[in-house]
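Observations on chain architecture
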Amino acid sequence: MRYIEPHGHMVSRVTDDYIDMVTAGCACVCEPAFWAGYDRSSVNGFYDYFCQLTDYEPKRAAKFGLPHFCWLCINPKESEDVKLAEEVVAIIPKFLDRPNVLGIGEIGLNKNSRNEMKVLEMHVDLAARQNQMILVHTPHLEDKLKGTRLIVDVIKRDQRIQPERVIIDHVEEHTIKLVLDAGFWAGMTLYPESKCSPARAIDMLENYGSERLWLNSACDWGVSIPLNVPYTALEMKRRGWSAEDVDKVVYQNPIKFLGQCKKFKLPKE
Ligand SMILES: [Zn+2]
């Protein structure tokens, strides 16, 4: 099996996870900027984090033969402080030329507040000005549908953004159609508890087809399973999917989306 982990928060994982992922056939990992489990106290905390994502973590992944890419932003959970967000957005361009940076993400909404909306718009404007791709986080549970609608409206309104260069992640049964109909890519996050189980993700693939969709484990510091993408691939095979159709979802689709960024390249097999 070969697969791509397109959304994994590797700075919170141990080296055993890297070994397991590579052993299971992982061809590369992509790490969106995220909340650290605590609010950073200043823009300098983000500067250091961006150095970690663009310098230290790719080197750590390379020790296990795994190419590492990342996305940069101030995440929605820390977007209440608009002044801090302005400072963070101002330092991001310094990092955009680094070889493993794919774009702006994971931006979006958490509680659908006014300040989060302002910060989302700032990031969409940054992506448009810098011609960057976008990766979007959508809110949890009862806030998801409303938040996804707000996000889709903000991005659609900006005529400079091409929807096929945007992925809206953490979709569920009630938001997937909204995202795909708007021309975006959609990500399904395989969590053991919330978000989406492997069985639910496969049901959605069988209902909506596998165009413009990817699977990820999001593996972070919370309860999560770094191998959930290959586990789901096994479950797809058990349900009668062909090896080629599984490969399209877990390997070819992420390459198709991520390959729109020229910096995204995999070593020759
Ligand atoms: Zn994430």
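Okay, so let's go over this structure. No experiment lies behind these values; they were computed from the predicted model shown.

1. As for a nonpolar patch on the surface
Side chains of Met1, Tyr231 and Leu234 sit close together on the surface and give an oily, nonpolar patch of about 310 Å² of accessible area. Tracing the backbone through its elements, the reader meets Met1 in the segment before β1 (3-5).

2. Description of the packing of helix α8 (residues 228-238) against helix α9 (residues 243-258)
Two elements in contact, α8 and α9, have axes separated by 10 Å at closest approach and are oriented at 155°. Judged by the angle between their axes, α8 and α9 are roughly antiparallel. As for the relative orientation of α8 and α9, their crossing is right-handed in sense. On the side of α8, the interface is formed by Val229, Ala233, Met236 and Lys237, while α9 contributes Ala243, Val246, Val249 and Val250. Split by residue class, the contact of α8 with α9 holds 7 nonpolar, no polar and 1 charged.

3. Brief notes about the sheet that holds strand β8 (residues 213-216)
Strand order across the open sheet formed by 8 strands is β1-β2-β3-β4-β5-β6-β7-β8, with parallel pairing between neighbours. Strands at the two margins of the open sheet, each flanked by one partner only, are β1 and β8. Each strand of the sheet is rotated relative to its neighbour by a mean of 25°, with strand direction disregarded. Judged from the 3 bridges that link them, strand β5 (residues 133-137) and strand β6 (residues 166-168) form a sheet pairing that is parallel. Bridge pairing links Val136 to Ile168 in β6. Against the sheet, helix α2 (residues 43-62) makes contact with β2 (26-32), β3 (68-72) and β4 (101-108), and its axis sits at roughly 170° relative to β3, the strand it touches most.

4. Notes on the coordination of the zinc ion
The zinc ion binds to the protein through His7 (NE2), His9 (NE2) and Glu106 (OE), with metal-donor distances spanning 2.0 to 2.1 Å. All donor residues of the zinc ion come from one chain, and their arrangement in sequence is H-x1-H-x96-E. With His7 in the loop between β1 and α1 (15-24) and Glu106 in strand β4, the pair connects residues that are 99 residues apart, well separated along the chain. Glu106 gets classed as buried once you look at its relative accessible area, which sits at 1%.

5. Let's talk about the state of the cysteines
Scanning the model with the defined rule gives 0 disulfides in all. Free of any disulfide, Cys30 has its nearest neighbouring cysteine sulfur in Cys28, separated by 4.3 Å. A relative accessible area of 0% means that Cys30 is categorised as buried. Left without a disulfide partner, Cys70 is nearest to the cysteine sulfur of Cys30, which lies 9.2 Å away.

6. Let's talk about the packing of aromatic side chains
Inspection of the entire model under this criterion finds 10 aromatic pairs. A ring pair is formed by Phe46 and Phe50, whose centres lie 6.2 Å apart and whose planes are at 55°; its orientation type is tilted. Taken together, the residues Phe46 and Phe50, both in helix α2 and 4 residues apart, mark about one turn of the helix. We note that Phe46, like Phe50, is buried.

7. So, the environment of Gly25
Secondary-structure assignment places Gly25 in the loop between α1 and β2. Looking at Gly25, the relative accessible area reads 17%, which means it is buried. Taking the C-alpha atoms as reference points, Gly25 and Ala85, 60 residues apart in sequence, are found 37 Å from one another. Setting aside its immediate chain neighbours within four residues, Gly25 contacts Met1, Arg2 and Tyr3.

Scoring rules and cut-offs
Residues numbered from 1 in each chain as written. Predicted model: local features only at pLDDT ≥ 70, side-chain atom pairs only at ≥ 80, totals over all residues. Heavy atoms only, no water. Patch = residues over 30% accessible without salt bridge, like charges linked within 9 Å, V, L, I, M, F, W, Y side chains within 5 Å. Areas by Shrake-Rupley, 256 points an atom, 1.4 Å probe, with all protein chains shown as cover. Salt bridge = Lys/Arg side-chain N within 4 Å of Asp/Glu carboxyl O. Helix = DSSP H or I, 4+ residues; strand = E, 2+ residues; numbered from the N terminus. Axes fitted to C-alpha atoms, helices over the stretch in contact; angles between N-to-C directions. Parallel < 35°, antiparallel > 145°, perpendicular 65-115°, else oblique. Left-handed = near helix turned anticlockwise from the far one by under 90°. Contact = heavy atoms within 4.5 Å. Nonpolar A, V, L, I, M, F, W, Y, C, P; charged D, E, K, R; others polar. Pairing = 2+ DSSP bridges. Donors = N, O, S within 2.8 Å, 3.2 Å for Na, K, Ca; no water. Buried < 20%, exposed > 50% of the residue type's maximum accessible area, 1.4 Å probe, protein only. Disulfide = S-S within 2.5 Å. Phe/Tyr/Trp six-rings, centres within 6.5 Å; stacked < 30°, edge-to-face > 60°.

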